[in-house]
Amino acid sequence: MWVYEKKLQYPVRVSKCDPHMAKLLMEQYGGADGELAAALRYLNQRYTIPDKIIGLLNDIATEEFSHLEMIATMIYKLTKDATMEQLELAGLDAHYAAHDRALFYNNAAGVPFTATYIQAKGDPIADLYEDIAAEEKARATYQWLIDLTDDVDLQDSLKFLREREIVHSLRFREAVEILKDDRETKKIF
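Computed from a prediction, not measured in an experiment: that's the story for all the values here.

J.: Hey, could you go over the UniProt feature "binding site: Mn(2+)" (unreviewed entry) in the protein chain for me, with residue numbers and the actual values?
T.: In this structure's numbering, the residues bearing the UniProt feature "binding site: Mn(2+)" (unreviewed entry) are Glu-35, Glu-64, His-67, Glu-135 and His-168. Of the residues just listed, which span 134 residues, no C-alpha pair is farther apart than 12.6 Å, and they cluster in one region. Sequence-distant contacts of Glu-35, that is, excluding residues within four places in its chain, are made with Gln-28, Glu-64, His-67, Leu-68, Ile-71, Tyr-142 and Glu-165. Mapped onto the elements of the fold, Glu-135 is located in helix H6 (residues 124-147). Excluding anything up to four places from it in sequence, Glu-135 contacts Tyr-42, Ile-60, Glu-64, Glu-165, His-168, Ser-169 and Phe-172.

Right, dumping it as structure tokens:
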């Protein structure tokens, strides 16, 4: 059960119209290492993970949805005042032709989101290592996005998201250690 608070987890500000940056941000909206893939991966994995870790997956998945909302807000703000010429120059003309200015789950190259981005092995430790890798890839992508913009307001929100990916990675690493310790504990039946 979720309770939706009608505000972003962290403020999103942009200082200028920048459709090209919006296109790049779509990587974190509908890409393989983006927020939607992460949220769905963690919610799916929680059904085959030990009870000790279910809450962690629920919490992080929920936060990933809030990050998805932040990315959507960034893309909207970066494109809302763009002219058709600016959208074309940014390479968003094909997107516009198919979706107008509506957001659509695709990556920066325009490839639609696919369920193949979501990994679930059923082995808790393997799944958690997959989650650690996903968080580290998202962290790296956020750093590269920060490097690609000179908009300090946008950089601020992207830095927040980058730091949250680091926290999630650390939490998943802790969960791996909990499960390893539990596995090595002598069990008496």
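J.: How would you sum up helix H7 (residues 152-184)? Please name residues and give values.
T.: For H7, which comprises 33 residues, the first-to-last C-alpha distance of 48 Å matches the rise-based estimate of 48 Å (1.5 Å per residue) to within 8%. The N-cap residue of H7 is Asp-151: its side-chain oxygen and the backbone nitrogen of Asp-153 are 3.0 Å apart.

J.: Lay out the packing of aromatic side chains in plain terms, naming residues and giving numbers.
T.: Throughout the structure, instances matching the rule amount to four aromatic pairs. Considering the side-chain rings of Tyr-29 and Tyr-105, the 4.6 Å spacing of their centres and the 10 degrees angle between planes classify their relative orientation as stacked. Separated by 76 residues along the polypeptide, Tyr-29 in helix H1 (residues 19-30) and Tyr-105 in the loop between helix H5 (93-99) and H6 bring together distant segments of the chain. By relative accessible area, which is 8% here, Tyr-29 ends up buried. Tyr-105 gets classed as partly exposed once you look at its relative accessible area, which sits at 32%.

J.: Explain the packing of H1 against helix H3 (residues 51-79) to me, and be specific about the residues and the numbers.
T.: Their axes nearest at 8 Å, the elements H1 and H3 cross at an angle of 165 degrees. The orientation of H1 relative to H3 falls into the category roughly antiparallel. Helix-helix and strand crossings are classified by hand; for H1 and H3 the assignment is left-handed. Mapping the contact onto sequence places Pro-19, Met-21, Ala-22, Leu-25, Met-26, Gln-28 and Tyr-29 in H1 and Leu-68, Ile-71, Ala-72, Met-74, Ile-75, Leu-78 and Thr-79 in H3. Taken together, the residues of the contact of H1 with H3 sort by class into 12 nonpolar, two polar and no charged.

J.: Explain the UniProt feature "binding site: Ca(2+)" (unreviewed entry) in the protein chain to me, and be specific about the residues and the numbers.
T.: Following the UniProt record, one finds the feature "binding site: Ca(2+)" (unreviewed entry) at Asp-59. With a relative accessible area of 53%, Asp-59 lands in the exposed category.

J.: If you had to explain the side chain of Thr-149 to someone new, which residues and values would you point to?
T.: The residue Thr-149 is located in the loop between H6 and H7 in this model. At 3.1 Å, the side chain of Thr-149 and the backbone nitrogen of Asp-151 are in polar contact. Among residues more than four places away in sequence, those in contact with Thr-149 are Met-21, Leu-154, Gln-155 and Leu-158.

J.: Account for the nonpolar core, with residues named and values stated.
T.: One broad trend across soluble globular proteins is that nonpolar side chains are buried collectively. Counting 25 residues, the largest nonpolar core has Leu-25, Ile-71, Met-74 and Leu-158 as its most contacted members. Broken down by secondary-structure element, the contributors of at least two residues to this core are H1, H3, H6 and H7. Considering each element in turn, this core owes the most residues, seven residues, to H3. If we skip the residues at most four places from it in the chain, Ile-71 touches Leu-25, Gln-28, Tyr-29, Glu-35, Tyr-142 and Leu-161. Leu-43, Ile-132, Phe-172 and Leu-179 belong to the second-largest nonpolar core, a separate cluster that totals 17 residues.

J.: Give me the lowdown on the environment of Leu-43, citing residues and values where you can.
T.: Summarising the element assignment, Leu-43 is placed in helix H2 (residues 35-45). Each C-alpha atom of the pair Leu-43 and Thr-62 lies 8.5 Å from the other, and the pair is 19 residues apart in sequence. Each residue touching Leu-43, except ones within four places of it in the same chain, is listed here: Trp-2, Asn-58, Ala-61 and Phe-65.

Calculation notes
Residues numbered from 1 in each chain as written. Predicted model: local features only at pLDDT ≥ 70, side-chain atom pairs only at ≥ 80, totals over all residues. Heavy atoms only, no water. UniProt positions renumbered as here; feature names shortened; annotations may be inferred. Contact = heavy atoms within 4.5 Å. Helix = DSSP H or I, 4+ residues; strand = E, 2+ residues; numbered from the N terminus. Expected span 1.5 Å × (residues − 1). Polar contact = N/O pair within 3.5 Å; in protein donor to acceptor, adjacent residues only side chain to side chain. Phe/Tyr/Trp six-rings, centres within 6.5 Å; stacked < 30°, edge-to-face > 60°. Buried < 20%, exposed > 50% of the residue type's maximum accessible area, 1.4 Å probe, protein only. Axes fitted to C-alpha atoms, helices over the stretch in contact; angles between N-to-C directions. Parallel < 35°, antiparallel > 145°, perpendicular 65-115°, else oblique. Left-handed = near helix turned anticlockwise from the far one by under 90°. Nonpolar A, V, L, I, M, F, W, Y, C, P; charged D, E, K, R; others polar. Core = buried A, V, L, I, M, F, W, Y, C linked by side-chain atoms within 4.5 Å.

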